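Here is how the chains run, residue by residue.
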Amino acid sequence: MGNDESFERAYREWREKTEALMRRFPERKEVFQTSSGIPIDRLYVPEHADESYVREIGLPGEYPYTRGIRPTMYRARYWTMRQYAGFGSAEETNKRFRYLLEQGQTGLSVAFDLPTQIGYDSDDPMASGEVGKVGVAIDSLEDMEALLREIPLDRVSTSMTINAPAAVLLAMYIVVAEKQGVDPADIAGTIQNDILKEYIARGTYIFPPKPSMRIITDIFAYCAEHVPRWNTISISGYHIREAGATAAQELAFTLANGMAYVEAALQAGLDVDQFASRLSFFFNAHNEFFEEIAKFRAARRMWAKIMKEKYGAKHPKSWQLRFHTQTGGSTLTAQQPDNNIVRVTIQALAAVLGGTQSLHTNSRDEALALPTEDSVRIALRTQQILAHESGVADTVDPLGGSYYVETLTDELEKAAEDYLAKIAEYGGAVQAIEEGYMQREIHEAAYDTQKAIESGEATVVGMNRFKVDDEPKPELHKVDTALGQKQREKLERLRAKRDESKVGDRLQALRAGARGDDHLMPLIIECVRDLCTIGEICGVLREEFGEYAGI
């Protein structure tokens, strides 16, 4: 061995700590080996390593976490298989959730319809034609109860893709758990709660940046005390990438937004180690296989350095970047949709080799409609085959040490740091967004990509090359066209039976809190408990905070 003393010492300490950890959290098998009987080691390390290796790449479960946030990674437990689902009514989506759990899914992920995402009830004129279309319609606590019926919230973790009204949906989830007899301290999951990326890429914002950041930091503070297992934000590069960003832009802009949330929380008086361990991230996985793997490794290393060196976080959990991955929806094609199964497999494999903590695999027909049950099952089976048949989960960071992957990791980090330096010149992510910097960069990248596809410089199999005539039409999922009317009738029944006096008092208390500087989460929870609707709660906050008009 040509390793120097610093590496030898670090490796010896890592092995001792890992073996101690395994006494509490054993690996899946006593012995890992290939089909030929060749033993598979937990970790492979270079023959020659020195102090710079320890500093820049290190060992899994150790700062700077380039090789993963756990020392045994998937040898102990697979990533969480969390399929994003939601359509129509709460009752229909509950059936899909229970089907996916029966098929081996290990976590829930909720897609909400557009009215819910921007805080309107299903009977609001703004909701017309959109109820239940791209996700499930949730108007009140009763809808949330129907969504989660017969799902044990102390044993299943749930991710909710919701941003502007995230506090309201989280409040509903907490109250449903209480009604199931589950202490809020025992529930686990994630709310996306990432409003900055809405201003950049997606558009489902409600309030201007300042009150939005206030609500977000209120959630940090409330959950730190009452819901400690909940990830209070999922800082999303996914939608930035879907809007047309490159991998380097996705990495840079996501971390820049993460830094803005940290700074907002610090300005609100929170201690960095009080909230940092519950920050999580959400990345996209595209077809450029090795670049995607390198992106995930660079993200971990950059975030660890930012949290330790810039913000002075002291707890190792505050340095760890934990992330969910979704395969790239924008990479799927309406032409020859079965080809999408192959694309999703490549992307999912990149996420696993990059060390994701949870994964959604898209369905083959999502370029055409919401997925059918058959398509969802194939997407989940893709993950299960990777986990149980491919062997890629049997050693930690199997591509660590690849000249190509390590070089790409370094290059992506450098490219992202250049973007972060430009964003710092603007005064940070919020100011850069308000001046349209990130939006312009993404638009230019998206334009270049589209030109390359249209010119044929970039190949999209089945779309601009290798086309077929007379493609068969797949069977597509259909949403109940009468759903809007059914949701309106549910709201009428709700308003007829609830205590309107209590509703008025709760909304008035929320208004007073919004005008002052009270923490809003407890007030929103009381609103939800007394059956105020999402439209009524967000309506009060709209009146007090105003609405963001975009750039």
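Above: the structure in question.
Residues numbered from 1 in each chain as written. Predicted model: local features only at pLDDT ≥ 70, side-chain atom pairs only at ≥ 80, totals over all residues. Heavy atoms only, no water.

Trainee: A description of the overall build of the protein chain should follow, citing residues and the corresponding values.
Mentor: The helix and strand inventory of the protein chain stands at 22 helices and 9 strands. For 551 residues, the compact-globule estimate of 2.2 N^0.38 gives 24 Å, and the protein chain sits close to it at 23 Å. Taking the principal axes of the C-alpha coordinates as reference, the protein chain spans close to 75 × 60 × 50 Å. Counting the 551 residues in the protein chain, one finds 56% classified as buried. Sequence separation of 24 or more characterises 78% of the internal contacts of the protein chain that already satisfy a separation of 6 or more. Accessible area of the protein chain: about 23400 Å², with a carbon and sulfur share of 49%. Each charge sign in the protein chain was given a centre, from 64 positive and 84 negative side chains, and these centres are 3 Å apart. (Helix = DSSP H or I, 4+ residues; strand = E, 2+ residues; numbered from the N terminus. Rg over C-alpha atoms; globule rule 2.2 N^0.38 Å. Buried < 20%, exposed > 50% of the residue type's maximum accessible area, 1.4 Å probe, protein only. Contact = heavy atoms within 4.5 Å. Areas by Shrake-Rupley, 256 points an atom, 1.4 Å probe, with all protein chains shown as cover. Lys, Arg positive; Asp, Glu negative; His and termini not counted. Charge placed at Lys NZ, Arg CZ, Asp CG, Glu CD.)

Trainee: Mind laying out the nonpolar core, listing which residues take part and the relevant values?
Mentor: Ranked by size, the top nonpolar core spans 156 residues in total, and within it Trp79, Met160, Leu169, Trp303 and Met438 carry the most contacts. With 13 residues, the top contributor of residues to this core is helix H10 (residues 247–267). With residues up to four places along the chain from it excluded, the contact list for Met438 reads Ile200, Phe253, Ala256, Asn257, Ile423, Ala429, Ala432 and Ile433. (Core = buried A, V, L, I, M, F, W, Y, C linked by side-chain atoms within 4.5 Å.)

Trainee: Run through the pattern of salt bridges, naming residues and quoting values.
Mentor: In total, this model carries 40 salt bridges according to the counting rule given. The salt bridge partner of Glu91 is Lys490, with a shortest N-O separation of 3.5 Å. With a gap of 399 residues between them, Glu91 in helix H3 (residues 90–102) and Lys490 in helix H19 (residues 483–497) connect regions that are remote in the sequence. The class of Glu91 is partly exposed, set by a relative accessible area of 35%. (Salt bridge = Lys/Arg side-chain N within 4 Å of Asp/Glu carboxyl O.)

Trainee: Provide a residue-level description of the sheet that holds strand S5 (residues 230–231), including the pertinent values.
Mentor: Pairing in this open sheet of 9 strands is parallel, and the strands run S5-S4-S3-S2-S1-S9-S8-S7-S6 from one edge to the other. With one partner strand each, in any of the chains shown, S5 and strand S6 (233–236) form the two edges of the open sheet. Against the sheet, helix H6 (residues 166–179) touches strand S3 (158–161), strand S4 (189–191) and S5, its axis set at about 150 degrees to S3. (Pairing = 2+ DSSP bridges. Axes fitted to C-alpha atoms, helices over the stretch in contact; angles between N-to-C directions.)

Trainee: Break down the environment of Ala185 for me, with residues and values.
Mentor: By secondary structure assignment, the location of Ala185 is in the loop between H6 and S4. Taking the C-alpha atoms as reference points, Ala185 and Ile233, separated by 48 residues in sequence, lie 17 Å from one another. Excluding its chain neighbours within four sequence positions, the residues that come into contact with Ala185 are His226, Pro228 and Arg229.

Trainee: So what's going on with the side chain of Thr327? Which residues, and what values?
Mentor: For Thr327, the position within the fold is in strand S8 (residues 323–327). Those residues in contact with Thr327 that lie beyond four places of it in its chain are Tyr238, Asn284, Ala285, Val344, Gln347, Ala348, His360, Thr361 and Asn362.

Trainee: So what's going on with the environment of Asn464? Residues and values would help.
Mentor: Along the chain, the position of Asn464 falls in the loop between helix H18 (437–455) and H19. The partly exposed category is assigned to Asn464, whose relative accessible area is 23%. Expressed as a C-alpha distance, the spacing of Asn464 and His226, which sit 238 residues apart in the sequence, is 53 Å. At 3.0 Å, the side chain of Asn464 forms a polar contact with the backbone oxygen of Ile453. Within the structure, the side chain of Asn464 is placed 2.8 Å from the backbone nitrogen of Val460, a separation counted as a polar contact. (Polar contact = N/O pair within 3.5 Å; in protein donor to acceptor, adjacent residues only side chain to side chain.)

Trainee: Which residues make up the side chain of Gln192, and what are the values?
Mentor: Residue placement: Gln192 occurs in the loop between S4 and helix H7 (195–202). Take Gln192: its relative accessible area is 3%, and that puts it in the buried class. Apart from residues lying up to four places away in sequence, Gln192 is in contact with Met160, Thr161, Ile162, Asn163, Lys197, Ile233, Ser234, Ser236, His239 and Phe282.

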